[in-house]
Structure formats: structure tokens, C-alpha cells
Amino acid sequence: MKRRSLLAGAAALPLFSIVGRSAALGADPIKIGLLEDVSGDLAMMGLPKLHGSELAVEEINAKGGIMGRQIVLTHLDPQGDNARYQEFARRLLQRDKVDVLIGGITSASREAIRPIVDRQNALYFYTNQYEGGVCDGNMISVGAVPEQQLSTLIPWMVEKFGKRVYTIAADYNFGHLSAEWGRSILTPLGGQIVGEEFIPLGTSQFAQTIQNIQKAKPDWLYMLNVGAAQDSFFEQAMAAGLKLPMGSPIKIMLGFEHKRFPPPALENMYASANWFEELDTPAAEDFKKRWHAKFPKEIYINDMGYNAYVAINMYKMLVESAKSTNKDDIRKVIDKGGACLDAPEGEICIDPKSQHTSHHMRLISVDAKHQVHVVKDFGVIQPYWLSQVGCDLTKKDPKEQFSPDHLPKGT
Amino acid sequence: MFADLFAYFYQFADVFAFLVLSAAGLAVIFGMMGIINMAHGEFIMCGAYVTTAAYHAGLPLPVAQASGVIAAGVIGIVIEPVLIRPFYSRPLDSLLITWGLSLVVTQATLVLLGSSMPGIGTPSGGFHVGAYGFSTYRMILFVAALAVLAFIYVLFKRTRFGIHARATMQNAAMAQALGVRRNRIYALTFGIGAGLAGLCGALYAPTMTLIPTMGATFIVESFVTVVVGGANVLLGTAPAAVALAITRTALNGLYGQVFGQIGLLLAVVLIVRVLPEGFSGWLARRAG
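Because the structure is a prediction, the values reported are computed rather than measured.

J.: Explain the overall build of chain B residue by residue, including any values.
T.: Per the secondary structure count, chain B includes twelve helices and two strands. Reading the helices (α) and strands (β) of chain B from amino to carboxyl end gives α-α-α-α-β-β-α-α-α-α-α-α-α-α. Each of the three principal axes of chain B carries a C-alpha extent, and together these read 65 × 50 × 30 Å. Within chain B, the proportion of its 288 residues that are buried is 53%. Relative to all contacts within chain B whose residues are 6 or more apart in sequence, the contacts with residues 24 or more apart total 76%. For chain B, the exposed surface amounts to about 12500 Å²; the carbon and sulfur share of it is 71%. The distance from the centre of the 14 positive side-chain charges to the centre of the 7 negative ones in chain B is 15 Å.

J.: Would you mind going over the packing of aromatic side chains in detail, with residue names and values included?
T.: Following the criterion strictly, the structure yields 36 aromatic pairs over all chains and no others. Ring centres of Trp156 of chain A and Phe161 of chain A lie 6.2 Å apart, and the angle between their planes is 75°; on these two criteria the pair is classed as edge-to-face. Between Phe16 of chain B and Phe142 of chain B, the ring centres sit 5.8 Å apart and the planes meet at 65°, which makes this aromatic pair edge-to-face. Of this pair, Phe16 of chain B sits in helix 1 (residues 2–33) while Phe142 of chain B sits in helix 5 (residues 136–158), and the two are 126 residues apart along the sequence. Classification of Phe142 of chain B as buried rests on a relative accessible area of 13%. An aromatic cluster of at least three residues, connected via ring pairs, comprises Phe2, Phe6, Phe9, Tyr10, Phe12, Phe16, Phe127, Tyr132, Phe134 and Phe142 of chain B. Over the aromatic face of Phe256 of chain A sits the side chain of Arg260 of chain A, whose NZ or CZ is 5.9 Å from the ring centroid.

J.: So what's going on with the nonpolar core? Residues and values would help.
T.: Counting 139 residues, the largest nonpolar core has Leu35 and Leu101 of chain A together with Phe16, Phe156, Tyr204 and Leu244 of chain B as the members making the most contacts within it. Broken down by element, this core gets its largest block of residues, 21 residues, from helix 1 of chain B. Within the second largest apolar cluster, 74 residues are counted, among which are Ile66, Leu123, Val142 and Phe276 of chain A.

J.: Describe the packing of helix 1 of chain B against helix 10 (residues 233–255) of chain B, with residues and values.
T.: All names here are of chain B. Two elements in contact, helix 1 and helix 10, have axes separated by 8 Å at closest approach and are oriented at 145°. Crossing of helix 1 over helix 10 shows right-handed handedness. Contact residues: Tyr8, Gln11, Phe12, Val15, Phe16, Leu19, Val20, Ala27, Val28 and Gly31 in helix 1; Val233, Thr237, Ala238, Ala241, Val242, Leu244, Ala245, Ile246, Arg248 and Thr249 in helix 10. When its residues are assigned to classes, the contact of helix 1 with helix 10 shows 15 nonpolar, four polar and one charged.

J.: Account for the packing of helix 5 of chain B against helix 6 (residues 160–170) of chain B, with residues named and values stated.
T.: All names here are of chain B. At a closest axis distance of 5 Å, the pairing of helix 5 and helix 6 adopts a crossing angle of 75°. Judged by the inter-axis angle, helix 5 sits roughly perpendicular to helix 6. Across the interface between the two elements, Leu155, Phe156, Lys157 and Arg158 from helix 5 touch Arg160, Phe161, Gly162, Ile163, Ala165 and Arg166 from helix 6. Grouping the constituent residues of the contact of helix 5 with helix 6 by class yields five nonpolar, one polar and four charged.

J.: Before we move on, can you summarise a nonpolar patch on the surface with the specific residues and values?
T.: Residues and elements named next belong to chain B. A surface patch of nonpolar side chains, about 570 Å² in accessible area, is lined by Leu254, Tyr255, Phe259, Ile262 and Leu266. Elements represented by at least two residues in the nonpolar patch include exactly helix 10 and helix 11 (257–274). Mapped onto the secondary structure, Tyr255 falls in helix 10. Residue Tyr255 is classed as exposed on the basis of its relative accessible area, which comes to 56%.

J.: Any details on the interface of chain B and chain A? Residues and values, ideally.
T.: Of the residues lining the interface, 37 residues belong to chain B; the matching set on chain A comes to 36 residues. Overall, the association of chain B and chain A removes approximately 2800 Å² of surface from exposure, summing both partners, and the carbon and sulfur fraction of that is 53%. Counting across the interface, chain B meets chain A through zero salt bridges. Scanning the region where chain B abuts chain A turns up twelve residue pairs in polar contact (both at pLDDT 80 or more). If you list the elements that add at least two residues to the side of chain B that touches chain A, you get helix 1, helix 4 (91–113), strand 2 (132–135), helix 10 and helix 11 of chain B. Element by element, the count of residues in the side of chain B that touches chain A is highest for helix 1 of chain B, at six residues. Per-class residue counts for the side of chain B that touches chain A are 14 nonpolar, 20 polar and three charged.

J.: Any details on the side chain of Arg114 of chain A? Residues and values, ideally.
T.: All names here are of chain A. Residue placement: Arg114 occurs in helix 4 (residues 107–120). Judged by relative accessible area, Arg114 falls into the buried class, the value being 6%. A distance of 2.8 Å separates a polar atom in the side chain of Arg114 from a polar atom in the side chain of Glu111. Here Arg114 is in contact with Val134, Asp136, Met139, Lys399, Glu400 and Gln401, once residues within four sequence places are set aside.

J.: Go over the sheet that holds strand 16 (residues 372–381) of chain A, please, and point to the residues and values.
T.: All names here are of chain A. The strand order 9-8-10-11-12-15-16 describes an open sheet built from seven strands, whose pairing is mixed. Across the chains shown, the open sheet's two edge strands, defined by having one partner strand only, are strand 9 (192–199) and strand 16. In this sheet, adjacent strand axes meet at a mean angle of 20° when their direction is disregarded. Across three bridges, the pairing between strand 11 (residues 246–248) and strand 12 (residues 269–273) is parallel. Bridge pairing in strand 12 links Met246 to Met269. Here helix 5 (residues 146–161) sits on the sheet in contact with strand 10 (220–224), strand 11, strand 12, strand 15 (359–366) and strand 16, set at roughly 145° to strand 12.

J.: An account of the state of the cysteines is requested, with residue identities and associated values reported.
T.: Residue and element names in this part refer to chain A. In total, this model carries two disulfides over all chains according to the counting rule given. Each sulfur in the disulfide pair Cys135 and Cys391 lies 2.1 Å from the other. Its S-S torsion of approximately 85° makes the covalent link between Cys135 and Cys391 right-handed. In this pair, Cys135 sits in strand 6 (residues 134–135) while Cys391 sits in the loop between helix 14 (385–388) and strand 17 (400–401), placing the two residues 256 residues apart along the sequence. Disulfide partner of Cys340: Cys349, at an S-S distance of 2.0 Å.

J.: Which residues make up the environment of Gln149 of chain A, and what values do they have?
T.: All names here are of chain A. Within the secondary structure layout, Gln149 lies in helix 5. Given the relative accessible area of 2%, Gln149 is considered buried. Note: C-alpha distance between Gln149 and Pro218 (69 residues apart in sequence) is 21 Å. Discounting chain neighbours no more than four positions away, the residues touching Gln149 are Gln129, Ala144, Pro249, Met253, Ser272 and Met361.

J.: Any chance you could break down the pattern of salt bridges for me, citing the residues and the numbers?
T.: Residue and element names in this part refer to chain A. Following the criterion strictly, the structure yields 24 salt bridges over all chains and no others. Notably, a salt bridge pairs Glu131 with Arg110, separated by 3.0 Å at the nearest N-O pair. Separated by 21 residues along the polypeptide, Glu131 in the loop between strand 5 (124–126) and strand 6 and Arg110 in helix 4 bring together distant segments of the chain. Per residue, the accessibility class of Glu131 equals that of Arg110, and both read buried.

J.: Run through helix 9 (residues 216–229) of chain B, naming residues and quoting values.
T.: Residues and elements named next belong to chain B. Helix length check: helix 9, at 14 residues, gives a terminal C-alpha distance of 20 Å against a target of 20 Å (1.5 Å per residue), a fit within 8%. Those residues of helix 9 that sit buried are Thr217, Phe218, Glu221, Ser222, Val224, Thr225, Val226, Val228 and Gly229. Following helix 9 by one or two positions, Gly230 adopts a phi angle in the positive range, close to 90°.

Rules behind the numbers
- Residues numbered from 1 in each chain as written.
- Chains lettered and ligands numbered in written order.
- Predicted model: local features only at pLDDT ≥ 70, side-chain atom pairs only at ≥ 80, totals over all residues.
- Heavy atoms only, no water.
- Helix = DSSP H or I, 4+ residues; strand = E, 2+ residues; numbered from the N terminus.
- Buried < 20%, exposed > 50% of the residue type's maximum accessible area, 1.4 Å probe, protein only.
- Contact = heavy atoms within 4.5 Å.
- Areas by Shrake-Rupley, 256 points an atom, 1.4 Å probe, with all protein chains shown as cover.
- Lys, Arg positive; Asp, Glu negative; His and termini not counted.
- Charge placed at Lys NZ, Arg CZ, Asp CG, Glu CD.
- Phe/Tyr/Trp six-rings, centres within 6.5 Å; stacked < 30°, edge-to-face > 60°.
- Lys NZ or Arg CZ within 6 Å of the ring centre and 35° of its normal.
- Core = buried A, V, L, I, M, F, W, Y, C linked by side-chain atoms within 4.5 Å.
- Axes fitted to C-alpha atoms, helices over the stretch in contact; angles between N-to-C directions.
- Left-handed = near helix turned anticlockwise from the far one by under 90°.
- Nonpolar A, V, L, I, M, F, W, Y, C, P; charged D, E, K, R; others polar.
- Parallel < 35°, antiparallel > 145°, perpendicular 65-115°, else oblique.
- Patch = residues over 30% accessible without salt bridge, like charges linked within 9 Å, V, L, I, M, F, W, Y side chains within 5 Å.
- Salt bridge = Lys/Arg side-chain N within 4 Å of Asp/Glu carboxyl O.
- Buried area = accessible area lost by both parts, 1.4 Å probe.
- Polar contact = N/O pair within 3.5 Å; in protein donor to acceptor, adjacent residues only side chain to side chain.
- Pairing = 2+ DSSP bridges.
- Disulfide = S-S within 2.5 Å.
- Expected span 1.5 Å × (residues − 1).

Structure (C-alpha cells):
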């Protein structure tokens, strides 16, 4: 037993880092547990999330913490492995007894740890844009959801480029649900899916897919490919002379492909974003300056890194309004409505019924030189879909994920 | 009609090239030395990274790719006496040590060079057949795969080094007694395997995202090809790649990539069940 725990400890050692050790004298620190991939296939997207969290903690601690209590951030690196996500979530919640759990990149990792969060009855922030639909009182979603990203992007793409759409999606819950969303938004617009392909994660060769697209002759591509390997699509499509407009809820602001690939591989890519580094409002400029002062080597501040920064500030706002770190007290604050935060993108608020966040959405595009342009400003969009289909966390907590094909019973 | 036929051939050539190039290095090291090199993917990554760095430093692409191959090969030659040689009689331990090497290299690359490297961009040039557009570079990959197969055959069958190498692998003590410098053969053979892995990385670097774990993308295909090919790389690799490429291309085309992947793995199960020694064992028995 002793040897086993020693081994487990040794194995965990390199994954373990404690940030912001300087606890305040007197009051107990507030413990935040963070699960973000900073190694493995998703490392390059996960690293900004760790940085955003560290920046938020440093700024808050420098100004006296939350209600006079310093924040201690414990970060573990699950390396993109869902089993490790579960192990680390248990460790943070049960052994380290953190006050709040934040993190997770893929929807698969979120769904892996959500049952553990629910069993512990803990508070959890998911900081990525995602396929939407999680109606769970323990979870606060900080990223953008389909009614903010897809209901803006897809109609615009149809109007501008045409109704024939080819979907390329990663073969896991995010890809399947986002493809389903695409279908349900396209149908009333008279749109047509002329091809739909699900690609196993880790696949890097796309010759067949490219040929299928050339045969189907779509007007534009709906891109839901995930991870570094699948991003090889862009290079290979360009080399084969495939030059179609592309729309995606996860490219540019999330994967910063326009910074990673030589131009013009990402030309004609369109996305709907609540944050992208090229955003140049005064608040955004100030935020970027502080970020790059702390992390001068950051290639790009992506939306999930930004959301991670916002999440900790949102937690601070909630705890200070509730005057407690207790989850039920915090949820009472959210239930009352008006749980809003002045974020770098503008004011955003938590919707009491779904515990998702309103966002200022903009349509962005990439040109041949990989410059990003704002094509359209949609203004602030509420996360309305869940409450529309009957999720109301102020009354009932089903702890379930819904989708256009899987609606709550009785609606 | 011709366009569709050519499209099928192109898809086959593309999968075939990927299987051969990703498996060649592993096949040489396993077939000749009996070492299962778990760090195979990291030699591929090394080839890709050195190629990209050299290209960004201003070298033309073919020269950059050559430097990627040489870098991986030299590293292989250096690593063999240090890490591999003590474990020739302990295959399981050699598996463990190369796996450890792969973990160390992946993490070290992440820490030292960051989570990704800016890419090169696929060399331009494409052609059209009917309604389809094709990339010339993918055809170059196919030619390179054929050249690699020819290179392995000529090297081990037709050169003095090849004869010495095969003699050493069959009976090291006897070969040494006859004046073959055993240790040099070991180091060079391992270096050639590592260099071939580096070549795979160098050739695919312009078409892929460069991250420390990129070697993992090639691992399944390379192991599968070697397993199906069997112990004799000279006989096994080419028919294994042809059989698997046909299976995968057909399923990819008919049902999409998920079924292509499933079919590839099912084909392996089936082939190993029917031909336990792989294609090379079967061919050798027929010839014998």
C-alpha cells in the first residue's frame, strides 16, 4: 500500500503545480481547482487557459483577494486524458476540498467530470464555447453556445454563399451535436447538407475527404474539426486547390489557425466569436496589454483563455455578492438575476434559468494575408435556447444535457 | 470515367505512401534487430521539427528535409550504444526503455520548444483531372514511398553492409568471429531505421500541424503495417501496405474515415489470424 501510494505520488509529481502560494495572513485562502491540458494534443489551446487563470488570480490577489481572502490556485494537467480528468476532479474535490472547480477543454472531458461534480454537489465553471444544452445547477457555463455562435453564423453564411453545405466534424459528442445544430438551423432556411463526414480524432490525412467535397460541390464548408492532427485539413485542402468559404464555431478565435499556418490556408474562414485577440475596444486593448506583460511569449490570446480569465473574475463577483463561497448562497445570487460582470468584451450576465452567459458576438473573417476583420456586430446575445425548451434551474435541476434532437420531456 | 479511376488510384497511392513511409523505420529496426522501438513516433517528430527549423532558417525544402533525415539518423546512431544495446537480450525491457525515451522527448520538446511550431506550407502545385483537383506533392510522397522500399531492398540484399547486417542479425557471435564489426552494424542499422523515421517526418512536415505529440498520428499505421508484414521487412512491408491501403481506400470512399479506420484494424485482426507470421512468413514458406 505504501509503495503504491508512493508510486502514485511520484507519477503525479510533474503534473502538479501550485500557483499563488502566498496565502494571506489571518483569513483562510479561497481554493480554486483548475483542470486544463497543458500537454498532449490540445496543449496549445489549453496553455492560454492556464495563463488566463493565473493572470486573474494574480490581479485579484494584488488587490486584496476575494473579501480579504487570498486565492490559491491548484492546477493539474490531465493531458487530454478523460480518465485522468476524472481522477484529478475527485482529488481536487475530495482531498484538496477546493471551493470551486474550473476547467476542461473538450465536451468529452466535461461530461467525464460532471457526474463527479454532481455527486460532490460542488460548483463548477466550464469555460469553453461548446455545443450547448447542459442544464445543471452545479455548472456555470462561461463560453458561447450555439444560439450565440451558430444562429448568427449559419444564416449569414447561407445568405452570402449559398444553401449547399458540407459538414466536416470530429467524431465525438461535440462534433455530432454541433452537426445536429447545423442541420436544425439550416432546415428552416431551406439549406441542404450535401455531405457530412465524421472524422476520428487524431486523423491527419484528408485526401479522401477533399475528393468527396469536390464531388459534392458545396457552397461552403461547415468546419467542426478538432485538434492539431485534424487541422492538417487546411494545408491539404489548399494544396489540392480546394478554395471554398468555411464557417466554424471553433476556428480562428479558439485554435488561432491563422497564426499557426502560413497564409493563405485559412483564407475565407468565418467565425462567430465573443472574444478574439484582434478585438480593439479600449477595454480589450487594456486587457491584452496586461496579458502580454505577464506572458510575453503568448502566440495568441484565444477565446477559452479569455473565458478562463473571466470565469475567476465572475466567481469573485458571485462570492462577494453572496458574501459566501457556499454553492447554494451563490446560486441564490444567480437566481435573483443581474449577476453581471464588466468583462473586456463588455458587460456579460449569467442567465438564471440556464446558468449560461450572455455575450457580445461578432462575425469575423480571415483574408488571404491572415488578417482578421470584423464583418458584422451582432451586439449582446442572450443564451436563450435552454430556457426556451424548458430548462429552468431556478425551479428544477435535471442535471442533463439537451440538444435539438433530445429535448426535455413535456415540451 | 478516367477521372474517377485516377481518383481511386490517387487515394490508394496516398494511403499506401502513408503506410510505407510511417512503417519503414520501425520495420527495419524490428525486422533486423528484433527491437520494438516505442520511440518511433518521436524520431518522426524529430525529422519534422528539424526540417521545419532548417526551412525557416532559409534552406530550400529538399535540403531542409535531408537535414531532418540526417539529424534523426545521427541521433539514432548515438542512442543505440547508450540505451538500446544493453537490452538486446531483454526485449520487454527494450520496449520499456524506448517508451520512456518517447515520453521524455515529447515532454522535453513541449517544455523547450513550446506547444506548437509554425508550419511550412505544402509546396504549391496541383493538377486537375476531370472535376477533381489533386496536389502534386502527394504524388511525390507516393514516389518517395516506392523509393524507400527499393532503397531497403537494395541496401540489405545487394550491398556488403547489407550482407554483414543480415549475418549479424542471424548469428552475431559467428559474424563477429568472421571479422564483422558487430557493434558498428548495430549502431548503423538502428541509425538507418531512425533516419527512415526522420524521412517520414521530413516528408509529411509540410502537410501537417507541428506539435510535440505529432508522432502519435503515425503510430497506429506504422505498427499495423509492420505486424501484418511480419518479421522479414524485405518481403513483408510492401504487400502489407498494398493490402491495407486497398482495404482502407475502399472503405474510406464508401463509408467515410471512421469505417476506413475500423476496417483497417479488422483487416489486421483477420490477416494475423490467417497468417500468424504476417505476409513475409507466408511468402517465405511458399518459396521454401
